[in-house]
Amino acid sequence: MATRHSRFAARFMMAPAVILLLGWMLVPLTMTIYFSFKRYLPMRGDSLERGLDWVGFENYARFINSSSFWPSIQATLLIVGGVLVITVTLGILLAILLDQPFWGQGIVRILVIAPFFVMPTVSALVWKNMMMDPVNGMFAYLWRFFGAEPVSWMSDASVQSIILIVSWQWLPFATLILLTAIQSLDSEQLEAAEMDGAPVLSRFFYIILPHLARAITIVVLIQTIFLLSIFAEIFVTTGGSFGTRTLTYLIFQRVVDSQNIGLGSAGGVYAIILANIVALFLMRIVGKNLDR
C-alpha cells in the first residue's frame, strides 16, 4: 500500500515537469508541421492574420526535388562520419595516454577537456583566422617553413576544415567518456595478460577495446544527435559554400534568405526524419552492446 502511494506521489510531483517538457517539444514540432503544408511568404504579404493558403505536399516535393537537397544530405553525413572517426580514434588514444601516471596529469586533463567549453562560433573564428588563414595563419607559416605552398583551407579543403574544427570541439567529450570507461577496467586482466606474454596490440584489441564498446556506442550516439544540427561552424567559416552546405544550413537559407517559411518547415520535417532514422539505427547498436 505504501509503495502504491509513493508511486502515485512521485508521478504526481513529476507531472508538471513532464507536461512542461512535452509542451516545449510538441508546440514547435506541431507548428513546423502545420507551416510545412502552407504557403507562407512574409515578403509577399502572407501573414497569419490574413490566413495562409493550403498547398498540401507541394513544399515537401519542392524541397526534396531541389538540386541542393541530396548534396546537403551527403555533406551532412560526410561531416558527421568524419568527426566521429576522428574523435573516437583520437579519443581512445588520448584516454589511454591520460590513464598513465605522469607528472602534471591533472593539469593535462584540464587542458584536454578545455576546448569543449569554447563556444562553437568562437572556436570556428579562431581556427579560420589564426590557424587556417592562407596568408597569416599558423598552418601557412608551417607550410612555408617546409617549402610548400600554403593551402586555402576554406575553399580548397572546405569539408576537411569543418571536420577538423568540429573534431577539435568534440574530442574532449569523447576523451572524457572513454577515459572514465578505461578507469573502470579491472587492472588484473591486463596484468595477467602481460604476465602471459601477450603483446601490447593484443592486449588492446582483446581486452581494452571490447571493454570500451559500450562507451564508444554512447559517444557515437550523443555526438551524432548534436552533429546532425551543425550550423555555427559553417556559418562563420564557409557560409555553406564549397560543398559544406548541410541540411540544417539549407533549411536556414530557405527560411532566412528566401523568406519561405513553408519550404523551410518542410525541410525541418525532413531533418527530423533523418535524425530519427540515424537515432534508431544507433540505438539498435547501443542496445546490442548494452545487452552483452
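Everything numeric in this text was worked out from a predicted model, so none of it was measured. (Residues numbered from 1 in each chain as written. Predicted model: local features only at pLDDT ≥ 70, side-chain atom pairs only at ≥ 80, totals over all residues. Heavy atoms only, no water.)

## Quick word on the overall build of the chain
In terms of regular secondary structure, the chain is built from 14 helices and two strands. For 292 residues, the compact-globule formula gives about 19 Å, and the C-alpha radius of gyration of the chain, at 24 Å, lies well above that figure. Here the C-alpha coordinates of the chain stretch approximately 80 × 80 × 30 Å along the principal axes. For the chain, long-range pairs separated by at least 24 residues make up 67% of all intrachain contacts whose partners lie at least 6 apart in sequence. (Helix = DSSP H or I, 4+ residues; strand = E, 2+ residues; numbered from the N terminus. Rg over C-alpha atoms; globule rule 2.2 N^0.38 Å. Contact = heavy atoms within 4.5 Å.)

## As for the packing of aromatic side chains
Taken as a whole and assessed by the stated rule, the structure comprises 28 aromatic pairs. Between phenylalanine 57 and tyrosine 60, the aromatic rings sit 5.7 Å apart at their centres with planes inclined by 50°, giving tilted as the arrangement. Taking the relative accessible area as the measure of exposure, tyrosine 60 reaches 9% and is therefore buried. Put simply, the rings of Phe37, Trp54, Phe57, Tyr60, Phe63, Phe69, Trp70 and Tyr270 touch in pairs and so form one group of aromatic residues. Stacked on the ring of tyrosine 141, the Lys or Arg arginine 144 has its end atom at 5.7 Å from the ring centre. (Phe/Tyr/Trp six-rings, centres within 6.5 Å; stacked < 30°, edge-to-face > 60°. Buried < 20%, exposed > 50% of the residue type's maximum accessible area, 1.4 Å probe, protein only. Lys NZ or Arg CZ within 6 Å of the ring centre and 35° of its normal.)

## Some details on the layout of surface pockets
Reported here for the largest pocket is a volume of approximately 350 Å³. Asp99, Gln100, Leu185, Leu190 and Ile208 are, among the 16 residues lining the largest pocket, the residues nearest its centre. Within the residue set of the lining of the largest pocket, elements represented by two or more residues are helix H8 (158-183), helix H9 (187-195) and helix H10 (200-211). With five residues, H10 is the largest single contributor of residues to the lining of the largest pocket. Here the residues of the lining of the largest pocket are counted per class, giving nine nonpolar, three polar and four charged. (1 Å grid on protein atoms, 1.4 Å probe; cavity = no way out; pocket = protein on both sides within 12 Å on 5 of 7 lines; lining within 4 Å. Points joined across faces, edges and corners; volume = space filled by probe spheres on them. Nonpolar A, V, L, I, M, F, W, Y, C, P; charged D, E, K, R; others polar.)

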